[in-house]
Amino acid sequence: MTDSTAEQPDLLRAWHLPERTRVVEVGLRDGLQAVEQPLPTNTKLEIVDRLIAAGVQEIEVASFAHPKVLPQLADASEVIAALPRDGGTRYRALVPNLRGMERAAECALDEVAIVIPADDGMARKNQNRSTAELIADLAEVGAVARSVGQRLVVGIACSFFAPCRGQVSEAERLRVVEAALEAGAHGVYLATTTGQEHPREVYAGVRGVLDRYPDLDVGLHLHNRNGFAPANALAGLSAGANWLEASFSGLGGDMWFPGDPAVLGNMPTEDLLHLLDSIGVATGIDFEAYRLLAEDVTQLTGFPRASFVSRGGTRRALAEAEWPS
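Below is a summary of the structure that appears in this document. (Residues numbered from 1 in each chain as written. Predicted model: local features only at pLDDT ≥ 70, side-chain atom pairs only at ≥ 80, totals over all residues. Heavy atoms only, no water.)

Attention now goes to the overall build of the protein chain. For the protein chain, the count of helices and strands is 15 helices and ten strands. For 325 residues, the compact-globule estimate of 2.2 N^0.38 gives 20 Å, and the protein chain sits close to it at 19 Å. Along the longest, intermediate and shortest principal axes, the C-alpha atoms of the protein chain span 65 × 45 × 40 Å. Out of the 325 residues in the protein chain, the part that is buried amounts to 54%. Put simply, 73% of the contacts in the protein chain that link residues at least 6 apart link residues at least 24 apart. In the structure as shown, the protein chain presents an accessible area of about 14500 Å², 52% of it carried by carbon and sulfur atoms. Positive and negative side-chain charges of the protein chain, numbering 29 and 44 respectively, have mean locations separated by a distance of 4 Å. (Helix = DSSP H or I, 4+ residues; strand = E, 2+ residues; numbered from the N terminus. Rg over C-alpha atoms; globule rule 2.2 N^0.38 Å. Buried < 20%, exposed > 50% of the residue type's maximum accessible area, 1.4 Å probe, protein only. Contact = heavy atoms within 4.5 Å. Areas by Shrake-Rupley, 256 points an atom, 1.4 Å probe, with all protein chains shown as cover. Lys, Arg positive; Asp, Glu negative; His and termini not counted. Charge placed at Lys NZ, Arg CZ, Asp CG, Glu CD.)

Turning our eyes to something else, we now look at the packing of aromatic side chains. Evaluated as defined, the whole model comprises zero aromatic pairs. Sitting above the plane of the Phe308 ring, Arg311 keeps its charged end 4.9 Å from the centroid. (Phe/Tyr/Trp six-rings, centres within 6.5 Å; stacked < 30°, edge-to-face > 60°. Lys NZ or Arg CZ within 6 Å of the ring centre and 35° of its normal.)

What follows deals with the pairing of strand β10 (residues 243-246). What you see with β10 is no split at all: Trp243 and Glu245 on one side and Leu244 and Ala246 on the other are buried throughout. In this sheet, β10 lies alongside strand β1 (residues 22-25) in parallel orientation, the contact comprising four bridges. Note that in β10 the partner of Val24 across the bridge is Glu245. For strand β9 (residues 217-221) and β10, the ladder comprises three bridges, and the chain directions are parallel. Each residue of the ladder has a partner; that of Gly219, found in β10, is Trp243. For the handedness criterion, the β-α-β arrangement of β9, helix α11 (residues 229-239) and β10 is classed as right-handed. (Pairing = 2+ DSSP bridges. Right-handed = clockwise from strand over helix to strand, strands pointing away.)

Turning our attention to the environment of His223. Its place among the elements puts His223 in the loop between β9 and α11. Within the structure, the side chain of His223 is placed 3.4 Å from the backbone oxygen of Thr193, a separation counted as a polar contact. (Polar contact = N/O pair within 3.5 Å; in protein donor to acceptor, adjacent residues only side chain to side chain.)

Let's shift gears to the sheet that holds strand β8 (residues 187-191). What the eight strands build is a closed barrel, ordered β1-β2-β3-β4-β5-β8-β9-β10; its pairing is parallel. Averaged over all pairs of adjacent strands, the angle between strand axes in this sheet comes to 30 degrees, irrespective of strand direction. Where β1 and strand β2 (residues 58-63) come together, two bridges link them in parallel fashion. Counterpart to Val24 in the pairing with β2 is Glu58. On top of the sheet, helix α9 (residues 170-182) reaches β4 (111-117), β5 (151-157) and β8; it is set at about 170 degrees to β5, its chief contact. Set on the sheet, helix α12 (residues 269-279) makes contact with β1 and β10; between it and β1 the angle comes to about 170 degrees. (Axes fitted to C-alpha atoms, helices over the stretch in contact; angles between N-to-C directions.)

Moving on, we come to the state of the cysteines. One pass over the full model with this rule turns up zero disulfides. For Cys164, which is in no disulfide, the shortest distance to another cysteine sulfur is to Cys158 and amounts to 9.9 Å. Taking the relative accessible area as the measure of exposure, Cys164 reaches 86% and is therefore exposed. (Disulfide = S-S within 2.5 Å.)

Structure, rendered in structure tokens:
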């Protein structure tokens, strides 16, 4: 745990932050899909065990994209079949389309997520279909999920900003939210897909959805290209977001965008936990146990360390250091 101060409750009230929030770990899907060399199934299950031991309660464990597209995640069914079931952990998998949903329906999952870009250009580039075409299939995806008792979560890619274009409008964002609700979705998350989003538009976007649908479970998926992910996380929570999504070691990436590949990933979960812990927003996750896991994942994948806490250390480590003699 990081150190705390007596002023935290006043800070939470001043910034309209919750005393507790949910953190969804997406490293096993969104993170590992960017790692060229697949990890063995047993290694993935060992990571799940350590996530649970650290207190992580919501994990996106796999994707049902075609194995030829994502060979790193071709063992989705095997991973899900071997997951521990006695700790109350909620397991989610990504489904790219109706066929993926049908495969997921054969597995013991608590929920499935499907991603629909608010921006039509991204939809065509990433999924070879228009946003309208993706929305048209959503009701059937929802029906299959309901038939097997799986919750449906709809992720809205490019919720705020899109490549090769710029700002995304509230109407485009709400169009996907409305379609998600019509399909029976239990929740939606707004994604900062490009990593160039800023706190003002994140706050307005989350608040706009909740003003329209105050009972909707709304999350925020964080990328960190411009270094604003920590500020965007706080903006989302201040606006009323119910959960935040991040990836161990910052693994994950975007489709091709200009810029240094070293900054194209998700927000590192260890940095998110470090931030939330320091200001008194509880997550139920043991920061130190999680940090050690993230360090080991970095070693396993061979990716350079992306998080600030892994490169710069913690306050405690610095406070306990001794001046060199």
